[in-house]
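Observations on chain architecture
Here's the letter readout for the chains.
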Amino acid sequence: GNTFSLLLGTLAPGIKTWKVFDRDDRHESDIDQLLSENTQVLQRRDLESYLWDDEILEALCNENGQPEKLAELKAEKAAALTDGAARGSPPDDIKAASGRVYNKCKQALGLTQCGNDAEAFARATLAPLLKPHMRVHQELASIVMAPRLDNIK
């Protein structure tokens, strides 16, 4: 989607793109099949898992001059994931928890004009915080930019 295209542009400007799928609840045999078809699969459940990473939340707090708010945001994320799991969501389903974390980010940091919902916030506010020095960036880049036969010209 749009979020992935935006992220790909920050990870590898001008690179030829190929398919990258969310891991979701795919079985290893399904993942092996996708890899054999020249399709990459994220190491985490979904793209949102990277955008809502603690390292990105830390950058968000720092960018807004409130590094002390990180613990509050991390606690809200953990609580949202725990509550989601209690309702039957997978324990790593940050996509399901992101609305609550988005609201906490806006409230705790006093953010305005940062995106009207969790998806828009992730795209407009979180994605630009992803920087090459970050572990989360390196993890995502290693998947997105893995050498593929169709990328060698």
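If you're wondering where the values come from, they're calculated on a predicted model, not measured in any experiment. (Residues numbered from 1 in each chain as written. Predicted model: local features only at pLDDT ≥ 70, side-chain atom pairs only at ≥ 80, totals over all residues. Heavy atoms only, no water.)

Take the overall build of the chain next. Across its full length, the chain holds eight helices and two strands. Counting from the amino terminus, the chain carries its helices and strands in the arrangement α-β-α-β-α-α-α-α-α-α. A fraction of 60% describes how many contacts in the chain between residues 6 or more apart in sequence connect residues 24 or more apart. As presented, the chain carries roughly 8,200 Å² of accessible surface, and 50% of it is formed by carbon and sulfur atoms. (Helix = DSSP H or I, 4+ residues; strand = E, 2+ residues; numbered from the N terminus. Contact = heavy atoms within 4.5 Å. Areas by Shrake-Rupley, 256 points an atom, 1.4 Å probe, with all protein chains shown as cover.)

In this section: the nonpolar core. The biggest cluster of nonpolar side chains holds 33 residues, and the ones touching the most others in it are Trp 52, Ile 56, Leu 60, Leu 73, Cys 105, Phe 121 and Leu 126. The dominant element in this core, judged by the number of residues it contributes, is helix α6 (residues 94-109), at seven residues. Discounting chain neighbours no more than four positions away, the residues touching Cys 105 are Trp 52, Leu 57, Leu 60, Leu 73, Gly 110, Leu 111 and Phe 121. (Core = buried A, V, L, I, M, F, W, Y, C linked by side-chain atoms within 4.5 Å. Buried < 20%, exposed > 50% of the residue type's maximum accessible area, 1.4 Å probe, protein only.)

Here we come to helix α5 (residues 70-86). Since one α-helical turn is 3.6 residues long, residues separated by three or four positions face the same way. A rise of 1.5 Å per residue sets the reference length of α5, with its 17 residues, at 24 Å; its end C-alpha atoms lie 24 Å apart and thus fit the reference within 8%. Listed as buried for α5 are Leu 70, Leu 73, Glu 76, Lys 77, Ala 80, Leu 81 and Gly 84. The buried residues of α5 occupy an angular sector of 130 degrees when the element is viewed end-on, so they sit on one face. Summarising the geometry of α5, the exposed residues directed more than 90 degrees from the buried face are Ala 71, Thr 82 and Ala 86. Lining the buried residues of α5 we find α4 (54-63) and α6. Gly 88 sits one or two positions beyond α5 and adopts a positive phi of about 100 degrees. (Expected span 1.5 Å × (residues − 1). Arc of directions from axis to C-beta.)

To continue, consider helix α7 (residues 118-126). Those residues of α7 that fall on the buried side of the exposure criterion are Ala 118, Ala 120, Phe 121, Ala 122, Thr 125 and Leu 126. Where the residues of α7 are buried, they touch α3 (47-51), α4 and α6. Two or three places before Glu 119, at the opening of α7, Asp 117 has a side-chain oxygen 3.2 Å from that residue's backbone nitrogen. (Polar contact = N/O pair within 3.5 Å; in protein donor to acceptor, adjacent residues only side chain to side chain.)

Relative placement of two packed helices is described by the angle separating their axes and the distance separating the axes. Direction vectors running N to C along α4 and α5 enclose 145 degrees, while the axes themselves pass 9 Å from each other. In this structure, α4 crosses over α5, and the sense of that crossing is right-handed. On the side of α4, the interface is formed by Asp 54, Leu 57, Glu 58, Leu 60 and Cys 61, while α5 contributes Leu 70, Leu 73, Lys 74 and Lys 77. (Axes fitted to C-alpha atoms, helices over the stretch in contact; angles between N-to-C directions. Left-handed = near helix turned anticlockwise from the far one by under 90°.)

In this section: the packing of aromatic side chains. Counted by the stated rule, this structure contains two aromatic pairs. Taken together, the ring pairs connect Trp 52, Tyr 102 and Phe 121 into an aromatic cluster. (Phe/Tyr/Trp six-rings, centres within 6.5 Å; stacked < 30°, edge-to-face > 60°.)

If you walk through the whole model with that rule in mind, you get eight salt bridges. In this structure, Asp 53 and Arg 135 form a salt bridge, with 3.2 Å as the shortest nitrogen-oxygen distance. In this pair, Asp 53 is assigned in the loop between α3 and α4 and Arg 135 in helix α8 (residues 135-144), connecting sequence segments 82 residues apart. Overall, Asp 53 belongs to the buried group, its relative accessible area being 7%. Given a relative accessible area of 42%, Arg 135 falls into the partly exposed group. Two residues, Glu 55 and Arg 135, come together in a salt bridge whose shortest N-O distance is 3.7 Å. Placement of Glu 55 in helix α4 and of Arg 135 in helix α8 is noted, with a sequence separation of 80 residues between them. A network of salt bridges, in which partner residues are shared, links Asp 53, Glu 55 and Arg 135. (Salt bridge = Lys/Arg side-chain N within 4 Å of Asp/Glu carboxyl O.)

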